[in-house]
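Remarks on the overall topology
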Amino acid sequence: MPLPQPNSDRFDFDHGFHIVVQVPEAHAQRVIDAVLEADPLTYGDYDRVTFETMAGIQRFRALGTGRNAATAETVAVPCSELSFFVAGEETGLARVLERIYWAHPYEEPVIFVLPALRCLHVRGLDEDNPNRFWNRPAEDWVPPEHR
């Protein structure tokens, strides 16, 4: 199914891939750092744009057909889910995926690759919007450089 192409003066679209990776919490930053070696993860006027969930539980049972011995019961591992957007063609995607496989501690990491459109603002529009953080008292999450 082709992705939609909405037309608006408020935003533009960019084609690419939404990547979701499940990783044990202690290894999440290593995976992000490895990805950044292949792609700056630029999103409009920002780079290094990633999202990491709070820890959840990933469950699996090894079948014994790979490097690891079979496990009789299901194993539970506290994992975060990382997600980010990779713009462009499949060659950049391949480099990012290779870095994930290099940095991830699993033999078979759970990685989802979804074709995606990202929405990018048209620079300079809506800057006086009262909902923008710079038009309101600074909240805790606002970096000191932006206050």
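A brief look at the structure comes next. (Residues numbered from 1 in each chain as written. Predicted model: local features only at pLDDT ≥ 70, side-chain atom pairs only at ≥ 80, totals over all residues. Heavy atoms only, no water.)

**Some thoughts on the layout of surface pockets**
Considered as a void within the structure, the largest pocket measures approximately 440 Å³ in volume. For the lining of the largest pocket, the element with the most residues is strand S3 (residues 56-60), which contributes three residues. Class assignment of the residues belonging to the lining of the largest pocket gives a composition of seven nonpolar, six polar and five charged. Taken as a whole, the second largest pocket spans an internal volume of roughly 360 Å³. Along the wall of the second largest pocket there are 15 residues; nearest its centre are Asp45, Tyr46, His121, Arg132 and Trp134. Taken together, the residues of the lining of the second largest pocket break down into six nonpolar, three polar and six charged. (1 Å grid on protein atoms, 1.4 Å probe; cavity = no way out; pocket = protein on both sides within 12 Å on 5 of 7 lines; lining within 4 Å. Points joined across faces, edges and corners; volume = space filled by probe spheres on them. Helix = DSSP H or I, 4+ residues; strand = E, 2+ residues; numbered from the N terminus. Nonpolar A, V, L, I, M, F, W, Y, C, P; charged D, E, K, R; others polar.)

**Quick word on helix H1 (residues 28-38)**
Since the α-helix packs 3.6 residues into each turn, any two residues three or four apart lie on the same face. Residues of H1 that are buried include every one of Ala28, Val31, Ile32, Ala34 and Val35, and no others. Within H1, the buried residues cover an arc of 165° as seen down the axis, which keeps them to one side. Residues of H1 that are buried in the fold lie against strand S1 (11-24), strand S2 (51-52), strand S4 (75-87) and helix H2 (90-103). (Buried < 20%, exposed > 50% of the residue type's maximum accessible area, 1.4 Å probe, protein only. Arc of directions from axis to C-beta. Contact = heavy atoms within 4.5 Å.)

**Concerning the pairing of S1**
Pairing between S1 and strand S5 (residues 110-121): 12 bridges, direction antiparallel. From the neighbouring strand, Phe11 faces S5, where its bridge partner is His121. Two strands pair when backbone bridges link them, and S1 and S4 are joined in this way by nine bridges, in the antiparallel orientation. Bridging from a neighbouring strand, His18 pairs with Phe85 of S4. (Pairing = 2+ DSSP bridges.)

**Observations regarding a nonpolar patch on the surface**
Together, Tyr43, Tyr46 and Val49 make up a nonpolar patch on the protein surface, roughly 270 Å² of accessible area in all. Note on placement: Val49 falls in the loop between H1 and S2. A residue is classified by how much of its surface remains accessible, and Val49, at 32% relative accessible area, is partly exposed. (Patch = residues over 30% accessible without salt bridge, like charges linked within 9 Å, V, L, I, M, F, W, Y side chains within 5 Å. Areas by Shrake-Rupley, 256 points an atom, 1.4 Å probe, with all protein chains shown as cover. Salt bridge = Lys/Arg side-chain N within 4 Å of Asp/Glu carboxyl O.)

**A word on the nonpolar core**
Core analysis: the biggest nonpolar cluster contains 19 residues, and Ile19, Val31, Val35, Leu82, Phe84 and Ile100 have the highest contact counts within it. Secondary structure elements with two or more residues in this core: S1, H1, S4 and H2. When near neighbours in sequence (up to four residues on either side) are disregarded, Leu82 contacts Ile19, Val20, Val21, Val23, Ala28, Val31, Ile32, Phe51 and Glu52. (Core = buried A, V, L, I, M, F, W, Y, C linked by side-chain atoms within 4.5 Å.)

**Here we look at the pairing of S4**
In terms of strand pairing, S2 meets S4 through two bridges, oriented antiparallel. Residue pairing across strands places Glu52 opposite Leu82, the latter belonging to S4.

**Side note on the side chain of Ser80**
Tracing the sequence through the fold places Ser80 in strand S4. By relative accessible area, which is 2% here, Ser80 ends up buried. Engagement of the side chain of Ser80 in a polar contact is seen with the side chain of Glu52, the distance being 3.2 Å. If we skip the residues at most four places from it in the chain, Ser80 touches Val21, Gln22, Val23, Glu25, Glu52, Thr53, Met54 and Ala55. (Polar contact = N/O pair within 3.5 Å; in protein donor to acceptor, adjacent residues only side chain to side chain.)

**As for unusual backbone geometry**
In this model, Leu41 sits at a positive phi of 50°, which is unusual for a non-glycine residue. Relative to the assigned elements, Leu41 resides in the loop between H1 and S2. With a relative accessible area of 1%, Leu41 lands in the buried category. One non-glycine residue, Arg48, adopts positive backbone phi at about 60°. With respect to the helices and strands, the residue Arg48 is situated in the loop between H1 and S2. With a relative accessible area of 62%, Arg48 lands in the exposed category.

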